[in-house]
Amino acid sequence: AQSVAQPEDQVNVAEGNPLTVKCTYSVSGNPYLFWYVQYPNRGLQFLLKYITGDNLVKGSYGFEAEFNKSQTSFHLKKPSALVSDSALYFCAVRDQSGYALNFGKGTSLLVTP
Amino acid sequence: EAGVAQSPRYKIIEKRQSVAFWCNPISGHATLYWYQQILGQGPKLLIQFQNNGVVDDSQLPKDRFSAERLKGVDSTLKIQPAKLEDSAVYLCASSLGRTGTDTQYFGPGTRLTVL
């Protein structure tokens, strides 16, 4: 069975500071990992994905994520947070058999001015 | 490029009533997904279509939920009869193919409240 864990319900950071939203995964074989963001009353917006290759993946809006196979982690990062980054962030995993994305429970990011 | 469209955006019904949701995927996307997102949780897959055929409906409560994708484009998801625990946001997503690397793009969702 494949799953992801987002250990933090909420992350608070001051505007301009770096941010990290954590995600760990469990999957048999090689994982395909995704990050999505959800703003209030909106659907999920795709940020970035890791398929293979470089462990540092760059995505939309200045976000990046680092794949760490030994720690089975895929943490989302941004060097300098904006107030407009405040939203709900979801990590998701798929194994190589494809089909459904398995989502974590989400992490609420609050960036204060 | 137009995104995934869903309607209605909000729906309030009483338990035991029926309700239907509509989804129009991104043009050219062969794979369509319906997810259920309960408050405070991540989305959970209900059903996946490849063109107009069902690929995975193992999580769909088939005694009350049904879905179809006629002509391999638009899709409808129906609940009949609704229960209180069906209150959730129903998200439709589409992707070009159904390999593990394909990105799923989501619509805005339909928020269902069952009273």
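Residues numbered from 1 in each chain as written. Chains lettered and ligands numbered in written order. Predicted model: local features only at pLDDT ≥ 70, side-chain atom pairs only at ≥ 80, totals over all residues. Heavy atoms only, no water.

Participant: With reference to specific residues and values, describe the sheet that holds strand S8 (residues 75-79) of chain B.
Facilitator: Residues and elements named next belong to chain B. Read across the open sheet, the four strands follow the order S1-S3-S8-S7; overall the sheet is antiparallel. One side of each edge strand has no neighbouring strand; the edge strands of this open sheet are strand S1 (5-7) and strand S7 (65-68). The sheet shows a mean angle of 15° between the axes of neighbouring strands, taken without regard to direction. Here three bridges tie S1 to strand S3 (residues 19-24), and the two strands are oriented antiparallel to one another. Looking at S3, one finds that Gln6 is bridged to Cys23. (Pairing = 2+ DSSP bridges. Helix = DSSP H or I, 4+ residues; strand = E, 2+ residues; numbered from the N terminus. Axes fitted to C-alpha atoms, helices over the stretch in contact; angles between N-to-C directions.)

Participant: So what's going on with the pairing of S7(B)? Residues and values would help.
Facilitator: All names here are of chain B. Where S7 and S8 come together, four bridges link them in antiparallel fashion. Following the sheet pairing, Glu68 is matched in S8 by Thr76. As consecutive antiparallel partners, S7 and S8 are separated by six residues, and within that stretch Lys71 has a phi angle of approximately 65°, a positive value.

Participant: How would you explain the packing of aromatic side chains if you had to name every residue and give the values?
Facilitator: Under the defined criterion, the tally for this structure stands at 15 aromatic pairs over all chains. Seen in terms of ring centroids, A:Tyr36 and A:Phe46 are 5.9 Å apart; in terms of plane orientation they differ by 65°. Their pairing is edge-to-face. Here A:Tyr36 is found in strand S5 (residues 32-38), whereas its partner A:Phe46 is found in strand S6 (residues 44-50), with 10 residues between them in sequence. The exposure class of A:Tyr36 is buried, given its relative accessible area of 0%. Exposure remark for A:Phe46: the relative accessible area of 22% places this residue in the partly exposed category. Linked through ring pairs, A:Tyr36, A:Phe46, A:Phe90, A:Phe103, B:Tyr33, B:Tyr35, B:Tyr105 and B:Phe106 together constitute an aromatic cluster. (Phe/Tyr/Trp six-rings, centres within 6.5 Å; stacked < 30°, edge-to-face > 60°. Buried < 20%, exposed > 50% of the residue type's maximum accessible area, 1.4 Å probe, protein only.)

Participant: Tell me about the state of the cysteines, residues and numbers included.
Facilitator: Residues and elements named next belong to chain A. By the definition in use, this model includes two disulfides over all chains. Disulfide partner of Cys23: Cys91, at an S-S distance of 2.0 Å. The chirality of the disulfide connecting Cys23 with Cys91 is left-handed, given an S-S dihedral of about -65°. On the criterion of sequence distance, the pair formed by Cys23 in the loop between strand S3 (19-21) and strand S4 (24-26) and Cys91 in strand S10 (residues 87-94) is long-range, its members being 68 residues apart. When sorted by exposure, Cys23 lands in the same class as Cys91, which is buried. (Disulfide = S-S within 2.5 Å.)

Participant: Can you tell me about the pattern of salt bridges, naming the residues and giving the values?
Facilitator: Residue and element names in this part refer to chain A. Taken as a whole and judged by the stated rule, the model has six salt bridges over all chains. Residue Glu66 is joined to Lys77 by a salt bridge in which the shortest nitrogen-to-oxygen separation is 3.4 Å. Note that Glu66 is positioned in strand S8 (residues 64-68) and Lys77 in strand S9 (residues 73-78), a separation of 11 residues in sequence. (Salt bridge = Lys/Arg side-chain N within 4 Å of Asp/Glu carboxyl O.)

Participant: Can you tell me about the nonpolar core, naming the residues and giving the values?
Facilitator: Counting residues in each nonpolar core, the largest one holds 28 residues, and the members touching the most others are A:Trp35, A:Leu47, A:Leu48, A:Phe74, A:Leu76 and A:Tyr89. Among the elements of the structure, strand S2 (10-14), S3, S5, S6, S8, S9, S10 and strand S12 (107-112) of chain A are those that each provide at least two residues to this core. Once residues lying within four places of it in the same chain are set aside, the contact partners of A:Leu48 are A:Leu33, A:Phe34, A:Trp35, A:Val57, A:Lys58, A:Gly59, A:Phe63, A:Glu64, A:Ala65, A:Phe74 and A:Leu76. By size, the runner-up hydrophobic cluster in this structure holds 21 residues, among which are B:Leu32, B:Phe49, B:Ala88 and B:Val114. (Core = buried A, V, L, I, M, F, W, Y, C linked by side-chain atoms within 4.5 Å. Contact = heavy atoms within 4.5 Å.)

Participant: How would you explain the interface of chain A and chain B if you had to name every residue and give the values?
Facilitator: Contacts between chain A and chain B engage 20 residues on the former and 25 residues on the latter. Taking both sides of the interface into account, the surface hidden between chain A and chain B amounts to around 1,700 Å²; carbon and sulfur atoms contribute 51%. Summed over the shared surface of chain A and chain B, the result is zero salt bridges. Where chain A packs against chain B, one counts seven residue pairs in polar contact (both at pLDDT 80 or more). For the side of chain A that touches chain B, the secondary structure elements donating two or more residues are S5, S6 and S10 of chain A. With four residues, S5(A) is the single largest residue contributor to the side of chain A that touches chain B. The residue inventory of the side of chain A that touches chain B, partitioned by class, reads 11 nonpolar, five polar and four charged. (Buried area = accessible area lost by both parts, 1.4 Å probe. Polar contact = N/O pair within 3.5 Å; in protein donor to acceptor, adjacent residues only side chain to side chain. Nonpolar A, V, L, I, M, F, W, Y, C, P; charged D, E, K, R; others polar.)

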